[in-house]
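In case you want the letters, here they are:
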Amino acid sequence: MKTIILLLFTCISFAQTNLSLTSNISLGHDCGNGQHQTFTYQDVNLNGYTINLRNATLNILGNLNGTGSITKCGNQNNSFVCVNGSIKNNPNLNGLTCQSLEVPEFELMQSNYGI
């Protein structure tokens, strides 16, 4: 139980980070190989650049802003982008959609512990 709580606190502090691109980046492992990873940010500004998701989910708790794009690696159907806030300036999401925002644990911890 202590390990799980520590992991949630680690993720919560990471979720407060904003991502503002200054170049194209990739998040995750090789296409379809390895463990699926989840990356969580508060706000993301593409600034005209591209995020390539490689067997990964990108959770954005706040807003997604800026021209640019979010792509997936090859023909893999195992990458998603989830935006809780607003999407501004028409970024190209290339059909990557989220079935549900994968971070209810963060909201629960914030409401229960004032984090």
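This section reports on the structure supplied with the text. (Residues numbered from 1 in each chain as written. Predicted model: local features only at pLDDT ≥ 70, side-chain atom pairs only at ≥ 80, totals over all residues. Heavy atoms only, no water.)

### Some remarks on the nonpolar core
Side chains of nonpolar character tend, in soluble globular proteins, to be buried together. So the rule is basically this: Nine residue types can take part in a nonpolar core, namely buried Ala, Val, Leu, Ile, Met, Phe, Trp, Tyr and Cys, and a core is a set of them joined through side-chain atoms within 4.5 Å. Any residue under 20% of the maximum accessible area for its type is buried, any over 50% is exposed, and the rest in between are partly exposed; the area is computed with a 1.4 Å probe on protein chains only. Under the scheme used here, helices are H or I runs from DSSP no shorter than 4 residues and strands are E runs no shorter than 2 residues, and both carry numbers assigned from the N terminus. The contact rule is simple, with two residues in contact once any of their heavy atoms fall within 4.5 Å.
Within the largest apolar cluster, 17 residues are counted, with the highest numbers of intra-cluster contacts made by Val44, Ile51, Leu53, Leu58 and Ile70. At the level of secondary structure, the elements contributing two or more residues to this core comprise strand 3 (37-41), strand 5 (50-54) and strand 6 (56-60). Per element, the largest residue contribution to this core is three residues, and it comes from strand 6. Apart from residues no more than four positions distant in its own chain, Leu58 is found in contact with Leu27, Phe39, Tyr41, Ile51, Leu53, Ile70, Phe80, Val81 and Cys82.

### Concerning the sheet that holds strand 9 (residues 80-83)
Just so we agree on the cut-off: Strands were regarded as paired on the criterion that DSSP finds at least two bridges between them. Orientation is described by lines fitted to C-alpha atoms, with helices fitted over the stretch in contact, and by angles between N-to-C directions that extend from 0 to 180 degrees.
With respect to topology, three strands assemble into an open sheet ordered 3-6-9, the strand pairing being parallel. Each edge of the open sheet is held by one strand with a lone partner, namely strand 3 and strand 9. Ignoring which end each strand starts from, the neighbouring axes of this sheet average 15 degrees apart. Pairing between strand 3 and strand 6: five bridges, direction parallel. Pairing of Thr38 across the sheet is with Thr57, part of strand 6.

### As for the environment of Cys73
Counting through the fold element by element, Cys73 comes out in the loop between strand 8 (69-72) and strand 9. Look at Cys73 and you get buried, because its relative accessible area is 10%. Taking the C-alpha atoms as reference, Cys73 lies 9.8 Å from His29; in sequence the two are 44 residues apart. Not counting residues within four places of it along the chain, the set of residues in contact with Cys73 comprises Cys31, Asn52, Leu53 and Arg54.

### Overview of the environment of Gln37
Position of Gln37 among the secondary structure elements: in strand 3. The spatial distance from the C-alpha of Gln37 to the C-alpha of Ser79 is 9.2 Å, given a sequence separation of 42 residues. Not counting residues up to four positions away in its chain, the partners in contact with Gln37 are Gly28, His29, Asn55, Ala56 and Thr57.

### Considerations on the pairing of strand 6
Most of strand 6 sits inside the fold, with five of its five residues counted as buried. On strand 6, burial covers both faces: Ala56, Leu58 and Ile60 on one face and Thr57 and Asn59 on the other are all buried. The pairing of strand 6 with strand 9 spans four bridges and is classified as parallel. Directly across from Ile60, in strand 9, lies its bridge partner Val83.

### A closer look at unusual backbone geometry
Phi is mostly negative for residues that are not glycine, and the peptide bonds are mostly trans. Phi at Asn47 is positive, roughly 55 degrees, even though this residue is not glycine. Mapped onto the elements of the fold, Asn47 is located in the loop between strand 4 (44-45) and strand 5. Since its relative accessible area comes to 38%, Asn47 is described here as partly exposed. With a phi angle near 65 degrees, Asn89 is a residue other than glycine that sits in the positive phi range. By secondary structure assignment, the location of Asn89 is in the loop between strand 9 and helix 2 (104-113). The exposure class assigned to Asn89 is partly exposed, which follows from its relative accessible area of 48%.

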